[in-house]
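Inside the fold
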Amino acid sequence: MVNPLQWPVLRQLLENDPTGRHHAVKSPATENLTPRTATADHVVPSVCPYCAVGCAQRVYVKDGTVIQIEGDPDSPISRGRLCPKGSASLQLTTGDSREKYVLYRRPHGTDWERLDLETAMDMVAQRVVDTRRKTWEWESGGLRTRRSMGIASLGGATLDNEENYLIKKLFTSLGIVQVENQARVCHSSTVAGLGTSFGRGGSTTYLQDLQRADCILIQGSNFAEAHPVGFQWVLEAKERGAKIIHVDPRFSRTSAMADTFVPIRAGTDIAFLGGLVNWVIGHDAYFHDYVVNYTNAATILGKDFRDTEDLDGLFSGFNRDDSSYETESWQYEGGFAAASSGERDADEQEGSRLGESSHAQSHGSGGPGVAGKWHRDETLQDPRCVFQVLRRHYSRYTPEMVEEVCGVPQALFEEVAEALTSNSGRDRTTAFAYAVGWTQHTTGTQYIRAASVLQLLLGNIGRPGGGIMALRGHASIQGSSDIPTLFDLLPGYLPMPHAKQHLDLAGYVGADSAKQGFWANMSAYTVSLLKAWWGDAATASNDYCFDYLPRITGSHSTYDTVMAQLEGICKGYFLMGENPAVGSANTHLQRAGMANLDWLVVRDFSLIESATWWKDGPEIATGQMRTEDIGTEVFFFPAAAHTEKAGSFTNTNRLVQWREQAVEPGAERRSDLWFIWHLGNRIRKLLADSRDDVDRPILDLTWDYPTIGTQDEPDADAVFAEINGRGPDGNPLSAYTQLKDDGSTSCGCWIYCGCRADGVNQAARRKPHTEQDISSREWGWAWPANRRELYNRASADPEGRPWSERKKLIWWDADAGTWTGDDVPDCEPAKPPSYRPAEDATGTDALSGIDPFIMQSDGKGWLFTPAGLTDGPLPTHYEPQESPFDNALYGQNRNPVRKLLKHDGNRYQPSGREPGAEVYPFVLTTYRLTEHFTAGAMTRWLPYLAELQPESFCEVSPELAAERGLTNNGWATLVSARGAIEARVLVTGRMKPLTVQGRTVHQIGMPYHWGPNGLSRGDAMNELSSIAMDPNVHIQEVKALTVDIRPGRRPQGPALPSLVAEYRQRAGIDEHTGQEGIKA
Amino acid sequence: MSVTQLGMPAIGAPGEARKGFFTDTSLCIGCKACEVACKEWNSLPAERPLQLTGESFDNTSRLSADTWRHVAFIEKKVPAPAAGGTEGIKWLMSSDVCKHCTNAACLDVCPTGALFRTEHGTVVVQQDICNGCGYCVSACPYGVIDQRPDDGRAFKCTMCYDRLGVGEEPACAKACPTQSIQYGELDELRERADARVAELHERGVDEARLYGRDPDGGVGGDGAFFLLLDEPETYGLPPDPVVTTRDLPAMWRRAAGAAAGLLAGAAVVFWGARK
Amino acid sequence: MSRRREREEFTSYYGRPILKEPTWEAADIAGYIFAGGVAAASSMLAAGAQYTGRPALERRAKLTALTAISVSAAALVHDLGRPERFLNMLRVAKPTSPMSMGSWILSVYGPLAGASAAANITGLFPAAGRACGLGAAVSGSAVATYTAVLLADTAVPTWHDAHEILPFVFAGSAAAAGGGIAAALAPVPEAGPARRMAVAGALLETVASLRMERSGHLSTETLREGRGGTLMRLSKAFSIGGAVGLALGGHRSRTVSVVGGLAVAAGSALLRFGVFEAGKASTRDPKYVVVPQRERLNAAEAVRREAAGIDAAA
Ligand SMILES: Nc1nc2c(c(=O)[nH]1)N[C@H]1C(S)=C(S)[C@@H](COP(=O)(O)OP(=O)(O)OC[C@H]3O[C@@H](n4cnc5c(=O)[nH]c(N)nc54)[C@H](O)[C@@H]3O)O[C@H]1N2
Ligand SMILES: Nc1nc2c(c(=O)[nH]1)N[C@H]1C(S)=C(S)[C@@H](COP(=O)(O)OP(=O)(O)OC[C@H]3O[C@@H](n4cnc5c(=O)[nH]c(N)nc54)[C@H](O)[C@@H]3O)O[C@H]1N2
Ligand code: SF4
Ligand code: SF4
Ligand code: SF4
Ligand code: SF4
Ligand code: SF4
Ligand SMILES: [Mo]
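The structure reproduced in this document is the subject of the present report. (Residues numbered from 1 in each chain as written. Chains lettered and ligands numbered in written order. Predicted model: local features only at pLDDT ≥ 70, side-chain atom pairs only at ≥ 80, totals over all residues. Heavy atoms only, no water.)

Quick notes on the overall build of chain C
The number of helices and strands found in chain C is 12 helices and 0 strands. Ordering the α and β elements of chain C from the N terminus gives α-α-α-α-α-α-α-α-α-α-α-α. Against the compact-globule benchmark of 20 Å for 314 residues, chain C has a radius of gyration of 22 Å, which places it among compact chains. Seen through its principal axes, chain C has C-alpha atoms that stretch 80 × 50 × 35 Å. Expressed as a percentage of the 314 residues in chain C, the buried residues total 59%. Across chain C, contacts joining residues at least 24 apart in sequence account for 77% of those joining residues at least 6 apart. Roughly 11,900 Å² of accessible area belongs to chain C as shown, and the carbon and sulfur atoms make up 65% of that amount. Seen as two clouds, the 33 positive and the 23 negative side-chain charges of chain C have centres 8 Å apart. (Helix = DSSP H or I, 4+ residues; strand = E, 2+ residues; numbered from the N terminus. Rg over C-alpha atoms; globule rule 2.2 N^0.38 Å. Buried < 20%, exposed > 50% of the residue type's maximum accessible area, 1.4 Å probe, protein only. Contact = heavy atoms within 4.5 Å. Areas by Shrake-Rupley, 256 points an atom, 1.4 Å probe, with all protein chains shown as cover. Lys, Arg positive; Asp, Glu negative; His and termini not counted. Charge placed at Lys NZ, Arg CZ, Asp CG, Glu CD.)

Brief notes about the sheet that holds strand E1 (residues 19-24) of chain B
Residue and element names in this part refer to chain B. Taken in spatial order, the 4 strands make up an open sheet running E8-E1-E10-E9, and their pairing is mixed. Looking at strand neighbours, the two that pair on one side only are strand E8 (181-185) and strand E9 (209-211), the edges of this open sheet. Across the sheet, the mean angle separating the axes of adjacent strands is 25° when strand polarity is ignored. For E9 and strand E10 (residues 224-228), the ladder comprises 3 bridges, and the chain directions are antiparallel. Note on E10: the bridge partner recorded for Tyr211 is Phe226. (Pairing = 2+ DSSP bridges. Axes fitted to C-alpha atoms, helices over the stretch in contact; angles between N-to-C directions.)

Let's talk about the side chain of Lys1039 of chain A
All names here are of chain A. Summarising the element assignment, Lys1039 is placed in the loop between strand E38 (1028-1029) and strand E39 (1041-1047). Of the buried charged residues, Lys1039 lacks a salt bridge, with Asp248 as the closest side chain of opposite charge at 8.5 Å. Polar contacts involving the side chain of Lys1039 include one to the main-chain carbonyl oxygen of Thr926, which spans 2.7 Å. Among residues more than four places away in sequence, those in contact with Lys1039 are Ala266, Val436, Gly437, Gln440, His441, Leu924, Thr925, Thr926, Tyr927 and Arg928. (Salt bridge = Lys/Arg side-chain N within 4 Å of Asp/Glu carboxyl O. Polar contact = N/O pair within 3.5 Å; in protein donor to acceptor, adjacent residues only side chain to side chain.)

Some remarks on the interface of chain C and chain A
Facing the 8 residues of chain C at the interface are 11 residues of chain A. Counting the surface lost from both chain C and chain A, the interface buries some 670 Å², and carbon and sulfur atoms represent 57% of this. Viewed at the interface, chain A and chain C are joined by 0 salt bridges. A breakdown of the residues in the side of chain C that touches chain A according to their chemical character gives 5 nonpolar, 1 polar and 2 charged. (Buried area = accessible area lost by both parts, 1.4 Å probe. Nonpolar A, V, L, I, M, F, W, Y, C, P; charged D, E, K, R; others polar.)

Overview of unusual backbone geometry
Put simply, Trp783 of chain A and Pro784 of chain A share a cis peptide bond, and its omega is -5°. Along the polypeptide, Pro784 of chain A turns up in the loop between strand E27 (781-782) and strand E28 (810-813). At the junction of Arg48 of chain B and Pro49 of chain B, the peptide bond is cis and its omega measures out at -5° in the coordinates. Among the structural elements, Pro49 of chain B can be located in the loop between helix H1 (33-42) and strand E2 (70-78). The residue Cys160 of chain B is not glycine, and still its phi comes out positive at about 50°. The topology assignment puts Cys160 of chain B in the loop between strand E7 (154-155) and helix H4 (161-165). Backbone geometry at Gln179 of chain B places phi at a positive 60°, although glycine is not the residue there. Its place among the elements puts Gln179 of chain B in the loop between helix H5 (171-175) and E8. The class of Gln179 of chain B is partly exposed, set by a relative accessible area of 42%.

Focus on the site of ligand 7
Near ligand 7 you find 14 residues, and of these Cys28, Cys31, Lys32, Cys34 and Cys176 of chain B are the closest. Along the lines of polarity and charge, the residues of the shell around ligand 7 split into 9 nonpolar, 4 polar and 1 charged. (Near = heavy atom within 4 Å.)

Notes on the site of ligand 4
Neighbouring ligand 4 are 13 residues; Cys98, Lys99, Cys101, Cys106 and Cys140 of chain B lie closest to it. Looking at the shell around ligand 4 residue by residue, the classes come out as 10 nonpolar, 1 polar and 2 charged.

A short note on the environment of Val656 of chain A
Among the secondary structure elements, Val656 of chain A is positioned in strand E24 (residues 655-659). Each C-alpha atom of the pair Val656 of chain A and Val102 of chain A lies 32 Å from the other, and the pair is 554 residues apart in sequence.

With respect to the packing of helix H12 (residues 269-282) of chain A against helix H17 (residues 410-422) of chain A
Residue and element names in this part refer to chain A. Where H12 contacts H17, the axes come no closer than 10 Å and their chain directions differ by 55°. When the axes of H12 and H17 are compared, the pair comes out oblique. The hand of the H12/H17 crossing is right-handed. Of the residues in H17, those touching H12 at Phe272, Gly275, Leu276, Trp279 and Val280 are Phe413, Glu414, Val416, Ala417, Glu418, Leu420 and Thr421. (Parallel < 35°, antiparallel > 145°, perpendicular 65-115°, else oblique. Left-handed = near helix turned anticlockwise from the far one by under 90°.)

Structure (structure tokens):
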């Protein structure tokens, strides 16, 4: 129907729009325009599935489909903003890059086949039952292990807490111990580093608190790119006058926003931080009252302790036979390392051989136990007090030495030192922010320790605008450490029982050991966990089914699992949200391991490299493998997206945030919760008639969950309730202090106890930040006990008064007899500052009123770690596994107890002055881009993100480009002893050659996101990396390697391995290279 | 009164304040959330082919019919502050968008009325009207609006006209993690921008300057204006753009003269030639 | 204004253009403008012919006008991204839009030209036909010249910089084309006005375009160099050659008339293509945007400084 009066020419005249540029020309469609958000049927609260900033989202649903995803302005963290990945999450969830159906590759098959979901589930359940039976192991080396080493699983940081919980629960009940996730390769050193320093392994502060900082040192993090929305708080601080410093091997988008950029040679941060420690002590710039009262500076060490100063880079206790430390000599005088988290056997104490089992991570919530009686010299003058040891240890870390090692000009170093010291103290605070630029080194744990030492000296821990912001990785990587899919941990950082000492519950809990601090209640946490898992079957008389837990016998980390696969021990593998063929170190070995499996289950959104390597992996192209020869049976299950399932993520603030389900997943896509629960159901059915003891744990498992929706989806909230725990009456608990060791309470993860207090899902709280203080404690729920700033007792002076008005956070209100302020006090709320424990006090009573580090057995922040770490009580600079330089500080070049893996596919390169080192002359460091995420499956497949960074590249300085004939946007080939890859070249002034030990050293930068699948493609950077690990937690060194670079594309086919071999030969590499001092 | 203002007493609907963007590039972290949020909201196609440009971290290169927000990356050497000091580098990032000009050439020349000035004072293409004549493309002095070859129509930022209608802020501004993109009432934004420049100058950031803020400028001021840290052309922006229709009255006069001359000439060639 | 240095120092974003290149196809838009010019001038000749008793010229010119304007309209529609929506051109009447004005002009001119041609051929309604013919001549003058505004009212440096002279270039060019074609088609004895129109048109076209090329604007480079420059030079060769031929021998020889007329018309067409190409070229290189604008800014800044008395001090 055309109405002539609607003819715009007429409307121009009639409606006073003579030039026809306004309303007269509006079309009916324009008049009726409404945004799709306005017509949505409902809006569902959610959380971004990418990184650990945890930006809140609103998911708009219409007619059963998600039509838009936007930031939630009420969030105190993100304030409604989203980075490009968060903004692309509609495309991630509703785009056509996601697979819809189950796919199956039969052994030796050359292509995928379709398989219906039910059949596939049955087949996988059968595989699990058969493999487990075949590989069952009651004992190993004469020790009871009750496990199967035939099955492993990897992934979890992208999954919900509830999913991780069920994975760990089901697999543990099946006796599967090789359960791992990204937390290993990402931040395991954080847990150990922060845990041993402060008593908890999580970030000490939270993102929003950064706005109160007077200075922020960002080092080992590409904050602006890897946590873009969190970075708003850095800019907030900057706008308020804070000085922002970025110390990094290359100038990134973070550097661009910093006031001061300090280029540094990759792998040398301990020298830099040590230099700062030396400066702070040398200039008397430490916060005296804080240091004396709140740290172990005054504690006297034993007489036997020898420092690296005395032993040319080694501490006392080094055992050359097995390249490990005996740690007794590191103890406080009069103290001994207690088995507070379980060990009693003296020779298996922390820091000794138990290090093999990555024990250090168990300090994620509870520092290492020390017991006995020790002395303090509060004048800090005793030559054996920690402070004096510290002073001596770092005395050679001078500005000149920093320049020599790190390539940082002295003036720049001094500028940083001045900034830190002038912005710390009573009235000012400095915050540190780091991430995996620090964690992923063979000395990763000690990097974090070095920062901890410095921040303790400056008095910045537990104070507003201070702290150490550990920027975690995935949406729920913090959660997957807390409720761990990790081989060495049970929920809440309870250690996984070790076959050597944890024979029974009493032995595990070590009833007499953890006298002081919160670990005294470990038995309550453990029993409650066992009750949550085995319910009525767990009774006092059967040790609450403690024996149902399989035991570890050493390291079963993801890299050890690869070795187990290569050796044919591990035969079945679940990949549930991890892509090791791109993301893990030495991707070739990852694929070789998978090619040696009987079966592989991959659950992901799209056909990632870890799912398709058998038909199109690099080894197929080079002829190293033939598809027809590969016997691995592969199942691919399409996963549900974050909008398609309810559940919780724990972000980098330790904040648990709940997401609602917006829609049910379509086709054969299912949540991991669904998968693991139905898998469990099937396995239990297959074994239902078994009378075998082997099967008791799985049959006795509490496995009844209500379902919701039309797809038999287990109710995540019910799982969450189990995690929170129940009291004797079955009612929800509200705090872990309510947990009992008499079997009357159950709790799936003690540190999460209270997340569903009063039966209310506390993680689902979304009170707008505009209606709250900075801590916004009614938004979500943070562990522990909803605290936002850890150790906040330290924000007040020993008398309980704020150090200054400007920096007040919590304080003692004498009238009310309680601690108060803008946070949940991190101390017993009614314990006055004046409280001093009696001589024989135990448990929390043993903590005084001036002990801010309540999870440490002495209540102090540890400048020196007398226990808990395998590679030394004080951070010491060693060169990376592969480095162009020898150690300028000591005769000991590399971490003497670093962990290496011997395998022909994992050869190490010569370093420093060793012959052949010049074959790989350049330092390569790796990192992230804002536009892509980790191993790439969540971004490289999305058109909107792929177009922003369409191809893999490396960054080189103009000087290196000239030296090697590289051209901008041309191709380069990078070669290491493990592989060779090609990438585009960006020649940029942002990369700068440094002068180290009088030589020019070139650094090459390369993002590691790419792989051959998806839209945006490239060779995987990790073809180059080796598996060389930190001894405490087995994190790989991927931040500092050495390589060669040459112009042009890499060879194809068999010529590629030949090139790598030719390099190896030239460098004279054999099975001993790079392993000096390391016992096989 | 200029032709462009002919008959139009004010920009925007009476009673409604003109809306706009102030993009403060001193806060931009180059994350490109704005690019993606815009594409996601407007269901725009991704650019093809997927090829690295080698131009810093910019791989979408320009505003186009498919990219309505575009983030530029400029790497610049900074001379050493003092003798013996090291040469530094700065990395400028800036998110560009349609300027929603006060005197918008695209709108002026559009023959169909597809382009119009909304009640918010913004400039929007009506996709059900545009016939793909391409005139707006040549008219825009910023090189913003463009034709989508396969579709034929012209596209550009709508300042999220649909969202504004229900009081929502534009998708790009909402996403921007650092508030580099600020959306609001133009008058208020101008004040804020003035204060910001003053503050940056105080802090010693002498390079800070506003671009497109000035209502006396060649397009009468931009509805989307910027704080830049270098010359506009460094970012690919015209240093001093002028709305082409400013000269339109003169052009019509000249054309009329030429037409009259033509007619006269035609008469002359027949003069006295009656057979 | 003085000629500029060859290569200017200027800053750009990786050398990328600032402006978008016109989306138009040369064949469509330069062709459209050319054909419109032919039609317009033909209608004028036809009108003159109908009142001066030149039936052969009248008929041929009217048919030419009708054909040309049809071709022109077809080219215009063809160039639309959504040709099926060509009618939207008449949704509005926008004085700020030369294309809108042009559409209305065409919608007046086209039917008049068509009616007068129809009347002429069928012999029906002769008076009305003649009136229409007159109307076509008058409205044709707008058809011939508005296209200059169409191009000049853009940000395309070469076109906009030429906005003062371009209407005259195009008027001359239209006359040259219409005159040339009529001279070629009409019998020599009736074709005197056509020849004169062609010659005068070619003259105006040449003089005006020389002025355009030498206006001193940086963008005029594109009229002198590259593809645009080549076309412009060819155009002048054809126009001048044809005009000289017509002037000297057109009244004697049919052959000379045909060749000369077509040469002048070809010169006109080449000019349209030349201007078109030069404009496109000026959008591809950011210097045509940056350099003049930067100079303008610097000059203004100098004035400001002087006014503020800073210059001397600085
Ligand atoms: N956009 C985006 N965001 C992400 C991710 C992503 O992939 N993309 N991943 C998430 C995950 S899993 C994680 S763990 C975090 C990681 O977050 P970040 O740790 O910030 O990420 P990276 O870019 O890997 O590394 C940080 C920086 O360390 C620098 N670096 C490398 N070696 C050294 C060194 O020896 N010393 C110092 N001082 N610096 C060094 C690199 O140049 C880089 O700038 O980001 C999370 N967020
Ligand atoms: N060289 C080098 N290597 C590195 C790093 C480095 O900096 N340099 N960083 C390391 C770090 S910190 C990390 S964290 C790792 C990351 O490396 P990976 O963990 O291997 O990589 P991601 O791509 O994050 O893998 C997560 C997978 O989970 C899928 N996924 C997402 N959501 C779900 C879900 O709900 N269910 C299921 N089943 N799947 C889902 C995604 O599509 C994706 O494929 O890489 C490490 N490797
Ligand atoms: S990826 Fe991280 S910063 Fe980006 S939107 Fe998601 S949670 Fe926020
Ligand atoms: S910038 Fe260009 S497209 Fe945007 S309003 Fe101005 S003239 Fe139109
Ligand atoms: S292309 Fe569309 S919007 Fe642009 S001028 Fe033509 S009709 Fe108007
Ligand atoms: S205002 Fe809307 S349309 Fe314009 S760039 Fe931003 S998101 Fe895109
Ligand atoms: S979203 Fe904001 S910070 Fe990110 S690129 Fe765009 S303008 Fe810059
Ligand atoms: Mo990570």
